[in-house]
Amino acid sequence: MKEEVIAAIKEFIASSQGDMARYPTGPYFDTPIVGFAPLDDQLFGEYKRIIGDFHLTPRELLAGELGLSPAGGTVICWVLPITEGVRKSNRTQGEFPSRGWSLTRTHGEALNGELRRHLVAWLKGRGQAALAPQLSPLWRELEETPVGRASTWSERHAAYAAGLGTFSLSDALITAGGIAHRCGSVITDLVLEPSQRGEGGYADNCLYYREGSCGACIGRCPVGAISFAGHDKSRCCAYVYGNVPAAVGEKYGVPYTGCGLCQTRVPCEGAIPRGKRR
Ligand code: SF4
Ligand code: SF4
């Protein structure tokens, strides 16, 4: 069943990116990478301490949205790596993202939403319970929390639990397909074998955390939101959701532009960087 789930996700993405009106710069995503976390993975409990009590566990979502408390289940997670063509277009940008990057943020994320709906329907069609946290009535975005702007479900943290990557100096997730991606998840009562997490810790794929080198993303940020002390989420969000759409949203014809300068022209852009110790 695990292989069928992976195939369903890959087929959906492969067959959905041919419409030139929506993909004028070509496909936004390469082949998805899929991982699985157990419904009761202890990490989901720990996220209440690390992120905040408002962050929901998979069980809270299943109980709250579907009224279910199954014996077991799985959080199915995926990463949609952004194609090299789109990444390349953003490498030369210094202040605002490229058109391709912004189209990926708006239309690629819309496709990611369709994938969430598709997988929920696919699982339900096989007699399983399923929901997409990002589309749940219980999903909320909170502007002010002790960790800054945050939501009741973090796709990145779910992907980390499913062994898909580790965190970066810039607060993103460095996966086998790099740091430039969109990610998503669906919770189901279908029990599947969990993926293994790496043994190197929560930030092992980032060169700075792994061996104290790099820091290339620091120089890429036009507003100084990244330093060796970490990522200034408030400063980043003000730029990504304020200045950037105001400057290029109308020109590109999209409501969400993203930024992603710190995710392109950096060693972790499209793969886990090798560094000195790998
Ligand atoms: S650019 Fe370097 S320091 Fe920044 S997230 Fe990537 S690997 Fe880490
Ligand atoms: S997304 Fe843009 S504003 Fe935010 S940290 Fe990266 S480069 Fe800076």
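S.K.: Even after reading the chapter, I still don't get the overall build of the protein, so can you show me in this structure?
M.R.: Of regular secondary structure, the protein possesses nine helices and ten strands. A globule of 278 residues ought to have a C-alpha radius of gyration of about 19 Å, and the protein, at 18 Å, matches this closely. Overall, the protein is about 50 × 45 × 40 Å in size when its C-alpha atoms are taken along their principal axes. The burial tally for the protein puts 44% of its 278 residues in the buried class. Intrachain contacts of the protein at a sequence separation of at least 6 include 74% that bridge at least 24 residues.

S.K.: What's the story with the site of ligand 1 in this structure? I'm lost.
M.R.: Surrounding ligand 1, one finds 14 residues, the nearest of these being Ser-168, Cys-206, Cys-214, Cys-217 and Cys-268. Of all elements in the fold, only helix H7 (207-211) and helix H8 (216-220) reach the threshold of two or more residues within the shell around ligand 1. When the residues that make up the shell around ligand 1 are grouped by side-chain class, the tally is eleven nonpolar, three polar and no charged.

S.K.: Would you explain the pairing of strand E1 (residues 33-38) in this entry?
M.R.: The side chains of a regular strand alternate between both faces of the sheet. Burial analysis of E1 places six of its six residues in the buried class, the great majority of the element. Looking at chain direction, E1 and strand E2 (residues 74-81) are connected through six bridges and run antiparallel. Within E2, the residue paired with Phe-36 across the bridge is Ile-76.

S.K.: What is the right way to look at the packing of helix H4 (residues 84-91) against helix H5 (residues 99-124) in this model?
M.R.: Any two packed helices are characterised by how steeply their axes cross, that is the angle between the axes, and by the distance between the axes. Closest axis-to-axis distance for the H4/H5 pair is 7 Å, and the angle between their directions is 130 degrees. Our classification of the angle between H4 and H5 gives oblique. For the pair H4 and H5, the contacting residues are Gly-85, Val-86, Ser-89 and Asn-90 in the first and Gly-100, Trp-101 and Thr-104 in the second. Partitioning the contact of H4 with H5 into residue classes produces two nonpolar, five polar and no charged.

S.K.: How should the nonpolar core be read in this particular structure?
M.R.: The nonpolar side chains of a soluble globular protein tend to be buried with one another. Within the largest apolar cluster, 68 residues are counted, with the highest numbers of intra-cluster contacts made by Val-75, Cys-77, Trp-78, Ala-159, Ala-162 and Leu-173. Filtering out sequence-adjacent residues up to four positions away, Leu-173 remains in contact with Arg-156, Ala-159, Tyr-160, Gly-165, Phe-167, Ile-179 and Cys-183.

S.K.: Sorry if this is basic, but what is going on with the site of ligand 2 here?
M.R.: The environment of ligand 2 is formed by 13 residues, the closest being Cys-221, Cys-236, Cys-259, Leu-261 and Cys-262. The leading source of residues in the shell around ligand 2 is helix H9 (residues 233-252), at three residues. The class makeup of the residues in the shell around ligand 2 is ten nonpolar, two polar and one charged.

S.K.: Please explain the environment of Trp-139 as it appears in this structure.
M.R.: By the secondary structure assignment, Trp-139 is in the loop between strand E3 (130-131) and strand E4 (141-142). As for Trp-139 and Gly-26, which are separated by 113 residues in sequence, their C-alpha atoms are 31 Å apart. Not counting the four nearest positions on each side in its chain, Trp-139 is found in contact with Pro-133, Gln-134, Ser-151, Thr-152 and Trp-153.

S.K.: So what exactly am I meant to see when it comes to the environment of Gly-200 here?
M.R.: Positionally, Gly-200 belongs in the loop between strand E8 (181-188) and H7. Separated by 114 residues in the primary sequence, Gly-200 and Val-86 have C-alpha atoms spaced 30 Å apart.

S.K.: Help me understand the packing of helix H1 (residues 2-14) against H5, please; the structure alone is not making it clear to me.
M.R.: Contact geometry of H1 with H5 gives a least axis separation of 10 Å together with a crossing angle of 140 degrees. Relative to H5, the element H1 lies oblique. In this structure, the crossing between H1 and H5 has a hand that is right-handed. On H5, the residues that touch Ala-8, Ile-9, Phe-12 and Ile-13 of H1 are Leu-115, His-118, Leu-119 and Trp-122. Looking at the contact of H1 with H5 residue by residue, the classes come out as seven nonpolar, one polar and no charged.

Definitions and limits used
- For every chain, the first residue of the written sequence is number 1, and numbering continues from 1 onward in sequence order.
- All chains are assigned letters beginning at A, and all ligands numbers beginning at 1, according to the order in which they are written.
- Residue-level local features of this predicted model are given only where pLDDT is at least 70; pairs of side-chain atoms are given and counted only at 80 or more, and the full residue set underlies all totals for whole chains, interfaces and linings.
- For the purposes of this entry, the term helix denotes a DSSP run of H or I that reaches at least four residues, the term strand denotes a run of E that reaches at least two, and both are numbered from the N terminus.
- It is over C-alpha atoms that the radius of gyration is taken, and the globule rule equals 2.2 Å times the number of residues to the power 0.38.
- Exposed residues have 12 or fewer other C-beta atoms within 10 Å of their own C-beta, buried residues have 20 or more, and partly exposed residues fall in between, where C-beta atoms are placed from the backbone.
- Two residues form a contact once the distance between their C-beta atoms, set from the backbone, is within 7 Å.
- In this analysis, residues qualify as near a molecule or strand once their C-beta atom, positioned from backbone atoms, comes within 6 Å of it.
- Following the grouping adopted for this structure description, the nonpolar residues are Ala, Val, Leu, Ile, Met, Phe, Trp, Tyr, Cys and Pro, the charged ones are Asp, Glu, Lys and Arg, and the polar ones are all others, Gly among them.
- Only when DSSP finds a minimum of two bridges between them are two strands counted as paired.
- Axis lines are fitted to C-alpha atoms, over the contacting stretch for helices. Their N-to-C directions set the angle, which ranges from 0 to 180 degrees.
- Any angle that is under 35 degrees is reported as roughly parallel, and any over 145 degrees as roughly antiparallel; angles of 65 to 115 degrees are reported as roughly perpendicular and all others as oblique.
- To define a nonpolar core, we join buried Ala, Val, Leu, Ile, Met, Phe, Trp, Tyr and Cys residues through C-beta atoms within 7 Å and take the resulting set.
- Crossings are classed by handedness, with left-handed meaning an anticlockwise turn of the near helix from the far one by less than a right angle and right-handed meaning a clockwise turn.

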